[in-house]
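Close look at the chain arrangement
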Amino acid sequence: MKTISVAIFAAVFTFAIALPTFGTLQSAGVTGRLLCQGKPYFNAKVKLYDIDTLDVDDLMAEGRSDKNGEFRLVGNETEFTTIDPKLNIYHNCDLS
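Residues numbered from 1 in each chain as written. Predicted model: local features only at pLDDT ≥ 70, side-chain atom pairs only at ≥ 80, totals over all residues. Heavy atoms only, no water.

1. Digging into the overall build of the chain
- In terms of helices and strands, the chain carries 1 helix and 7 strands.
- Secondary structure elements in the chain, listed N-terminal to C-terminal, are α-β-β-β-β-β-β-β.
- When the 96 residues of the chain are sorted by exposure, 24% land in the buried category.
- Residue pairs at least 24 apart in sequence account for 64% of intrachain contacts in the chain once pairs closer than 6 positions are excluded. (Helix = DSSP H or I, 4+ residues; strand = E, 2+ residues; numbered from the N terminus. Buried < 20%, exposed > 50% of the residue type's maximum accessible area, 1.4 Å probe, protein only. Contact = heavy atoms within 4.5 Å.)

2. A look at the packing of aromatic side chains
- Taken as a whole, this structure holds 0 aromatic pairs when the rule is applied.
- Lys45 extends its terminal NZ or CZ atom over the ring of Tyr90, reaching a point 5.8 Å from the ring centre.
- Lys86 extends its terminal NZ or CZ atom over the ring of Tyr49, reaching a point 5.3 Å from the ring centre. (Phe/Tyr/Trp six-rings, centres within 6.5 Å; stacked < 30°, edge-to-face > 60°. Lys NZ or Arg CZ within 6 Å of the ring centre and 35° of its normal.)

3. Points about the pattern of salt bridges
- A full pass over the atoms with the stated rule returns 1 salt bridge.
- Between Lys86 and Asp57 there is a salt bridge whose closest N-O contact spans 3.5 Å. Remark: Asp57 occurs in the loop between β4 (45–50) and β5 (58–64) and Lys86 occurs in strand β7 (residues 85–90); sequence separation between them is 29 residues.
- Note on Lys86: relative accessible area 28%, which makes it partly exposed. (Salt bridge = Lys/Arg side-chain N within 4 Å of Asp/Glu carboxyl O.)

4. Comments concerning the sheet that holds β4
- Strand order in the open sheet made by the 3 strands is β5-β4-β7, with antiparallel pairing throughout. Only two strands of the sheet have a single partner each, and these edge strands are β5 and β7. Each strand of the sheet is rotated relative to its neighbour by a mean of 20°, with strand direction disregarded.
- Where β4 meets β5, 6 bridges bridge the pair, whose relative direction is antiparallel. Across the sheet, residue Leu48 finds its bridge partner in β5, namely Ala61. (Pairing = 2+ DSSP bridges. Axes fitted to C-alpha atoms, helices over the stretch in contact; angles between N-to-C directions.)

5. What about the confidence of the model for the chain?
- With 76% of its residues at a pLDDT of 70 or more, the chain shows a mean pLDDT of 85.
- Considering each helix and strand of the chain separately, the mean pLDDT is smallest for helix α1 (residues 2–18), with a value of 54, and largest for β4, with 98. (pLDDT = per-residue confidence, 0-100.)

6. Observations concerning the nonpolar core
- Counting 13 residues, the largest nonpolar core has Leu34, Tyr41, Leu48 and Leu73 as the members making the most contacts within it.
- Listed by contribution, the elements that provide at least two residues to this core are β4, β5 and β6 (70–79).
- When sequence neighbours within four positions are dropped, the list of residues in contact with Tyr41 reads Leu34, Leu35, Cys36, Ser65, Asp66, Gly69, His91, Asn92 and Cys93. (Core = buried A, V, L, I, M, F, W, Y, C linked by side-chain atoms within 4.5 Å.)

7. Thoughts on the environment of Phe80
- Tracing the backbone through its elements, the reader meets Phe80 in the loop between β6 and β7.
- The exposure class assigned to Phe80 is exposed, which follows from its relative accessible area of 59%.
- The spacing of Phe80 and Phe22 is 58 residues in sequence and 7.1 Å in space, taken between C-alpha atoms.

As structure tokens, this is what we get:
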């Protein structure tokens with residue numbers, strides 16, 4: 001019985017390690033310019049994710065806006081289904 005438990009554990013462990021290598025490599029990219037009150041927004045954090053339904057979203061790329069407020073992110077992810085890219089922008093632009 002102990003041998004069967006070890007064999008099952010080994011099979012599940014091997015599958016869990018190999019799982020990320022299955023699927024199709026897919027890419028997404030985004031470029032943009034951030035403005036705050038009409039002026040370039042410097043140093044805003046930007047992150048590109050692949051939204052996943054059953055587990056944690058996958059971070060594909062991250063960066064910051066430059067002195068002109070511009071950014072460019074390109075990332076990829078291996079998935080069974082089509083990726084669903086999402087851009088997060090983290091800022092402190094006070095519009096009041």
